[in-house]
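What the coordinates show
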Number of protein chains: 2
Amino acid sequence: MDFQPLGLATDLVILTVRDGALQVLLIRRGIAPYKGRWALPGGFVRPAEDLETTARRELTEETGLAAAGLHLEQVATYGAPDRDPRGRVVSVAYLALVPDLPAPVAGTDAESARWVAAPDLLADPARLAFDHHRILTDAVERARAKLEYSPLAAAFCPPEFTISELRTIYEAVWGAPLDPRNFHRKVTKTPGFVDPIGATTTRDGGRPAQLFRRGTAPTLHPPMTRG
Amino acid sequence: MDFQPLGLATDLVILTVRDGALQVLLIRRGIAPYKGRWALPGGFVRPAEDLETTARRELTEETGLAAAGLHLEQVATYGAPDRDPRGRVVSVAYLALVPDLPAPVAGTDAESARWVAAPDLLADPARLAFDHHRILTDAVERARAKLEYSPLAAAFCPPEFTISELRTIYEAVWGAPLDPRNFHRKVTKTPGFVDPIGATTTRDGGRPAQLFRRGTAPTLHPPMTRG
DNA sequence: TCAAAAGTGTTGACTCTACACCCATGT
DNA sequence: ACATGGGTGTAGAGTCAACACTTTTGA
């Protein structure tokens with residue numbers, strides 16, 4: 001057996017859409033290394049703790065969110081020997097999609113936590129600690145791809161939402177405007193994407209809009225098309 | 001810091017298409033645990049060794065293949081606390097796509113190595129050691145999805161191949177027949193999928209077929225469509 | 001009455017599928 | 001000649017983007 005001195009961690013890319021923009025939850029590191037720098041939330045896996053359990057625990061600690069029921073998926077594992085100055089640390093990155101929620105709370109290892117616009121971060125590879133820019137890049141690309149062929153955009157929405165609220169999610173994540181009329185038709189005609197609940201709302205102004213819940217289909221046929 | 005007693009390994013799902021069927025390279029374990037059982041090839045990450053380097057090293061050791069240039073990608077990481085009876089072992093699974101090649105050689109920890117038809121393995125969750133059935137399931141699904149939107153099917157082919165050889169790859173991986181005429185048109189009209197080299201072959205019988213090399217496009221527009 | 005957003009209809013361009021048909025070779 | 005697989009043409013169905021137009025509310 002080869003049990004080496006090695007740290008195993010998870011890092012979280014927690015995405016939301018606020019004010020029409022894709023945002024990532026970052027913490028400012030309170031301890032070395034990279035003290036004072038912005039980084040993805042994350043932490044070490046405890047003995048006998050499953051990887052996804054670690055990720056859900058970290059998510060709750062960093063955001064105060066009840067981790068039950070929200071979307072969490074593994075993105076990739078990063079294990080370059082020199083990625084952490086403390087020694088060999090291998091990190092499993094998870095992607096979480098959350099609806100727009102109250103401001104995050106600072107945790108134990110973090111001086112502060114805040115939402116940061118994803119495009120700004122992606123444009124500057126040096127703003128994040130460790131190899132977190134690469135992790136973020138991979139996770140955002142995963143999220144963009146997932147919106148095409150899965151109904152996961154609804155994970156960014158509250159339980160009941162309108163079609164145009166769903167459309168703003170796509171526009172924020174893909175960074176391009178979509179035709180509201182064609183979008184409406186496509187979403188409502190794709191089996192299992194959204195289910196009407198029979199009520200309406202005028203919270204977006206104008207004519208009352210139908211409210212929908214997330215449907216049950218695991219994949220979209222046909223997929224949504226990006227630019 | 002939390003450096004725990006923990007093993008870090010990579011497991012390899014090495015796929016090829018032989019005799020019109022998708023096949024996986026398995027080894028028969030020569031040591032405990034699961035001695036004598038069939039398993040995916042893999043091994044522990046060495047100190048200061050990158051994860052992908054480990055995967056390429058294992059691939060060469062198990063198959064005798066020159067690992068340079070062939071397709072290798074990370075699938076997922078498996079870390080359930082009880083997945084290995086020896087203790088906590090976290091394994092990063094990699095997917096490799098290789099052309100049909102000479103028979104594999106047995107390695108150090110393996111009594112023997114052989115190709116096994118993937119559908120048989122997928123149908124029986126108990127034939128493989130550890131959680132390797134789940135790893136195999138995830139990897140094969142990844143391969144199937146990749147064929148849709150990437151030109152990776154060519155990674156199963158020799159450097160120069162005909163369109164119908166490429167078609168047999170799709171048919172083997174997807175498990176469904178495709179129309180040879182429409183397939184030909186679609187492949188040759190998708191920019192960057194395949195490049196004609198200007199020579200022909202009659203090795204498949206009938207009228208001479210154009211030979212192609214893999215193109216440079218990273219993704220296919222439009223994608224190939226599964227059933 | 002007007003602005004704003006929801007939702008429907010329509011049209012022309014494009015794409016896909018199924019299959020008829022011709023082509024170039026080996027035997 | 002004929003079997004075998006390579007490759008092109010084409011008609012009908014379906015899909016998609018663009019945009020005109022109607023509907024229903026709040027102000």
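What you are looking at is a predicted structure, and each value in this text was computed from that prediction instead of being measured.

Quick notes on the relation of the copies chain B and chain A
With an RMSD of 0.0 Å, the fit of chain B onto chain A corresponds to turning through 180° and sliding 0.0 Å along the axis. A rotation of that kind, with that shift, is consistent with a two-fold axis.

Description of the interface of chain B and chain A
Facing 29 residues of chain B, the contacting portion of chain A comprises 29 residues. Together, the buried faces of chain B and chain A total about 2,300 Å²; carbon and sulfur atoms form 61% of this surface. At the surface where chain B touches chain A, the tally comes to zero salt bridges. Seen at the junction of chain B and chain A, the total is five residue pairs in polar contact (both at pLDDT 80 or more). Breaking the side of chain B that touches chain A down by element, the ones donating at least two residues are β1 (3–18), β5 (71–78) and β6 (89–97) of chain B. Broken down by element, the residue count for the side of chain B that touches chain A peaks at six residues, all from β1(B). Partitioned by chemical class, the residues of the side of chain B that touches chain A number 17 nonpolar, six polar and six charged.

A few points about the protein's contact with DNA strand D
Close to DNA strand D lie 20 residues; Asn182(A), Ser164(B), Arg185(B), Gly206(B) and Arg207(B) are nearest. Each atom of DNA strand D within 4 Å of the protein was assigned to sugar, phosphate or base; sugar and phosphate come to 48%. Residue His184(B) places a side-chain N or O atom 3.3 Å away from a phosphate oxygen belonging to DNA strand D. In the environment of DNA strand D, a phosphate oxygen lies 2.9 Å from a nitrogen or oxygen atom belonging to the backbone of Gln210(B).

A short note on the packing of helix α4 (residues 163–174) of chain B against helix α5 (residues 180–189) of chain B
All names here are of chain B. Axis separation between α4 and α5 bottoms out at 10 Å; the angle between their running directions is 105°. Judged by the inter-axis angle, α4 sits roughly perpendicular to α5. Contacts from Ile163, Leu166, Arg167 and Tyr170 of α4 reach α5 at Pro180, Phe183, His184, Val187 and Thr188. Class assignment of the residues belonging to the contact of α4 with α5 gives a composition of six nonpolar, two polar and one charged.

Here we look at the packing of aromatic side chains
Two numbers describe a pair of aromatic rings. These are the distance of the centres and the angle of the planes. Residues and elements named next belong to chain A. Scanning the model with the defined rule gives six aromatic pairs over all chains in all. Arranged with centres 5.0 Å apart and planes meeting at 75°, the rings of Tyr170 and Trp174 form a pair that is edge-to-face. Of this pair, Tyr170 and Trp174 both sit in helix α4 (residues 163–174), four residues apart, which is roughly one turn of the helix. Take Trp174: its relative accessible area is 11%, and that puts it in the buried class. Between Tyr170 and Phe183, the ring centres sit 5.5 Å apart and the planes meet at 65°, which makes this aromatic pair edge-to-face.

A look at the pairing of strand β6 (residues 89–97) of chain A
All names here are of chain A. Across the nine residues of β6, nine count as buried, placing the element largely inside the fold. Pairing of strand β5 (residues 71–78) with β6, which is carried by seven bridges, proceeds in the antiparallel orientation. When the bridges of β6 are listed, Glu73 appears paired with Leu95.

Quick word on the domain arrangement of chain A
Size of an interface: often given as the accessible area lost when the parts come together. Residues and elements named next belong to chain A. Partitioning chain A into domains gives domain 1 (7–148) and domain 2 (150–214). Taking the mean C-alpha position of each, domain 1 and domain 2 sit 27 Å from one another. Taken residue by residue, the interface counts 16 residues in domain 1 and 12 residues in domain 2. In this assembly, domain 1 packs against domain 2 so that about 1,300 Å² is buried in total across both faces, 72% of it on carbon and sulfur atoms. Area buried by domain 1 at its contact with domain 2 is led by Val17, Leu97 and Leu147, which between them contribute 45% of it. On the surface where domain 1 and domain 2 come into contact, there are four residue pairs in polar contact (both at pLDDT 80 or more). When residues of the side of domain 1 that touches domain 2 are traced back to their parent elements, those giving at least two are β1 (3–18), β2 (21–29), β5 and α3 (132–149). Of the residues forming the side of domain 1 that touches domain 2, the biggest block, four residues, is contributed by α3. Of the residues assigned to the side of domain 1 that touches domain 2, the class counts are eight nonpolar, three polar and five charged.

Topic: the nonpolar core
Grouped together as the largest cluster of nonpolar side chains are 46 residues, with contacts concentrated most on Val13(A), Leu15(A), Val24(A), Leu166(A) and Tyr170(A). Of all the secondary structure elements, the ones that give two or more residues to this core are β1, β2, β5, β6, α2 (118–123), α3, α4 and α5 (180–189) of chain A. Take this core: its biggest share by element is seven residues, from α4(A). A domain-level breakdown of this core finds at least three residues from each of domain 1 (7–148) and domain 2 (150–214) of chain A. Membership of the second largest hydrophobic core comes to 45 residues, among which are Val17(B), Leu147(B), Cys157(B) and Leu166(B).

Criteria and cut-off values
- Residues numbered from 1 in each chain as written.
- Chains lettered and ligands numbered in written order.
- Predicted model: local features only at pLDDT ≥ 70, side-chain atom pairs only at ≥ 80, totals over all residues.
- Heavy atoms only, no water.
- Least-squares fit on C-alpha atoms with pLDDT ≥ 70 in both.
- Contact = heavy atoms within 4.5 Å.
- Buried area = accessible area lost by both parts, 1.4 Å probe.
- Salt bridge = Lys/Arg side-chain N within 4 Å of Asp/Glu carboxyl O.
- Polar contact = N/O pair within 3.5 Å; in protein donor to acceptor, adjacent residues only side chain to side chain.
- Helix = DSSP H or I, 4+ residues; strand = E, 2+ residues; numbered from the N terminus.
- Nonpolar A, V, L, I, M, F, W, Y, C, P; charged D, E, K, R; others polar.
- Near = heavy atom within 4 Å.
- Axes fitted to C-alpha atoms, helices over the stretch in contact; angles between N-to-C directions.
- Parallel < 35°, antiparallel > 145°, perpendicular 65-115°, else oblique.
- Phe/Tyr/Trp six-rings, centres within 6.5 Å; stacked < 30°, edge-to-face > 60°.
- Buried < 20%, exposed > 50% of the residue type's maximum accessible area, 1.4 Å probe, protein only.
- Pairing = 2+ DSSP bridges.
- Domains from an automatic or database assignment.
- Core = buried A, V, L, I, M, F, W, Y, C linked by side-chain atoms within 4.5 Å.

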